[in-house]
Amino acid sequence: MTATRRAILALPLLATPALAQGWRPERPVEIVVGFVAGGATDLDARLLARFLEPRLGVPVVVQNRPGAGGEVALAAVARSRPDGHVIGTTNMPGLLTIPIERQAQFKLEDFAPVANVVTDPSAVSVPAASPVRDFVGLMERVRREPESVSFGTPGIGTDDHLLMFLLQRAAGVRFNHVGFAGDPQIRTAMMAGQIQASGLNLGYLLANPEGVRLLAQAGPRRSRFAPDLPTLREQGIPVEMASERGLVMPAATPAPILVRIRDAVAQTMADPEFTRAVEQRFCEVKNEVGDPWFARLREEERGWRRFWSETPWRQG
């Protein structure tokens, strides 16, 4: 075999690592958010954009495409060109549960995992002017007057909605579910007395406490950001729920491009300044990069399918 022939045969082996190191976006990169501006997912995306720009060498812009609990945006990402210029935000458990509870425009297999970035426990809150002073009082009211308490969420299949549904099942109560476009609208409705409770996330409410009273949070243990706020388990409700917010790309994205984006996100999550910025919003960095994240989600997907078959949450 000639030296030239050996060199030609070696090219494919060298191409992938070289491209992984050398691929650069050719235009601004979009992060697509499935909820309105000002909500927790949107704020995460804007923070990530700021840290990713210098690492990718192009502007990173946030595009809000709210609708159907995040389905509209995820469907758009799944259908986008897999050329590295479109990244989608994800919210757990909606990324798994939306395609289970309805004929959705996407499924988990439509995406390549970038990283799971932030975790933020769900919480139960009421308006500050509410006569309900604690979680026990809220449950007593709902038991006494089923469906008398309007519970606001960003839509069916979101973590807020599933928190409500799990509360109903565990406590034997029934709320009146009211869907909104996003977190700011839910908080405004609570402050105006239009709804009596919500499942807004702990980090969002700690950052926006005016007009709202926190009753409990759904993490596995008390949050270091709110050490006096009891968990649902402490209140006798065996329910845990959190919004895990991450990033995905279209499933057909070439491996070198995916590696480059994952690299930039991993560097961002390792940046102490990014961690401080996340913690200033009373959230924590999750830091699950690539395939191990989706391997865990596939396990959880099986559990949600069993849950759906036993107790469909179609009607909220």
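Residues numbered from 1 in each chain as written. Predicted model: local features only at pLDDT ≥ 70, side-chain atom pairs only at ≥ 80, totals over all residues. Heavy atoms only, no water.

Undergrad: Give me the packing of aromatic side chains: which residues, what numbers.
TA: Counted under the stated rule, the structure contains seven aromatic pairs. An aromatic cluster of three or more residues is present, and its members are F165, W304 and F307. (Phe/Tyr/Trp six-rings, centres within 6.5 Å; stacked < 30°, edge-to-face > 60°.)

Undergrad: How would you explain helix α10 (residues 272-280) if you had to name every residue and give the values?
TA: Along α10, the residues that are buried comprise F274, A277 and V278. Along α10, the residues classed as buried sweep out an arc of 100° about the axis, all on the same side. What points out from α10, more than 90 degrees from its buried face, is the exposed set P272 and Q280. Buried residues in α10 make contact with α2 (40-56), β4 (111-121), α9 (255-269) and β11 (284-289). One side-chain oxygen at the N-terminal end of α10 lies 2.9 Å from the backbone nitrogen of E273; it belongs to D271. (Buried < 20%, exposed > 50% of the residue type's maximum accessible area, 1.4 Å probe, protein only. Helix = DSSP H or I, 4+ residues; strand = E, 2+ residues; numbered from the N terminus. Arc of directions from axis to C-beta. Contact = heavy atoms within 4.5 Å. Polar contact = N/O pair within 3.5 Å; in protein donor to acceptor, adjacent residues only side chain to side chain.)

Undergrad: Which residues make up the packing of helix α4 (residues 94-101) against helix α11 (residues 291-310), and what are the values?
TA: Any two packed helices are characterised by how steeply their axes cross, that is the angle between the axes, and by the distance between the axes. Two elements in contact, α4 and α11, have axes separated by 9 Å at closest approach and are oriented at 40°. In terms of orientation, α4 and α11 fall into the oblique class. Remark: the crossing between α4 and α11 carries right-handed chirality. Counting all contacts with α4, which are made through L95, L96, T97, I100 and E101, the residues of α11 involved are F294, L297, E300, E301, W304, R305 and W308. Residue classes in the contact of α4 with α11 are distributed as seven nonpolar, one polar and four charged. (Axes fitted to C-alpha atoms, helices over the stretch in contact; angles between N-to-C directions. Parallel < 35°, antiparallel > 145°, perpendicular 65-115°, else oblique. Left-handed = near helix turned anticlockwise from the far one by under 90°. Nonpolar A, V, L, I, M, F, W, Y, C, P; charged D, E, K, R; others polar.)

Undergrad: So what's going on with the confidence of the model for the protein chain? Residues and values would help.
TA: The share of residues in the protein chain with pLDDT of 70 or more is 91%, and the mean pLDDT across the chain is 90. Contacts of residues 1-20 to residues separated by more than four positions or lying in other chains number seven contacts, the stretch itself having pLDDT below 50. (pLDDT = per-residue confidence, 0-100.)

Undergrad: Describe the pattern of salt bridges, naming the residues involved and giving the relevant values.
TA: Going through the model one piece at a time under the given rule, you end up with 24 salt bridges. For the salt bridge of R102 with E101, the shortest nitrogen-to-oxygen distance reads 2.2 Å. Residue classification places E101 among the buried residues on the basis of a relative accessible area of 7%. With a shortest N-O distance of 2.9 Å, E234 and R222 are connected by a salt bridge. One end of the pair, E234, is in the loop between β9 (212-217) and β10 (242-250); the other, R222, is in the loop between β9 and β10, with 12 residues separating them in the sequence. The class for R222 is partly exposed, based on a relative accessible area of 37%. Salt bridges sharing common partners tie together E244, K286, E288, R296 and E300. (Salt bridge = Lys/Arg side-chain N within 4 Å of Asp/Glu carboxyl O.)

Undergrad: Break down the sheet that holds β11 for me, with residues and values.
TA: The strand order across the open sheet formed by six strands is β2-β1-β3-β10-β4-β11, and the pairing between neighbours is mixed. What marks the edges here is a single partner per strand, and that holds for β2 (60-64) and β11. Direction aside, the axes of adjacent strands within the sheet are offset by 25° on average. Of the strand pairs in this sheet, strand β1 (residues 29-33) and strand β3 (residues 86-92) are connected by three bridges, and their pairing is parallel. Considered in β3, the bridge of E30 is made with V86. (Pairing = 2+ DSSP bridges.)

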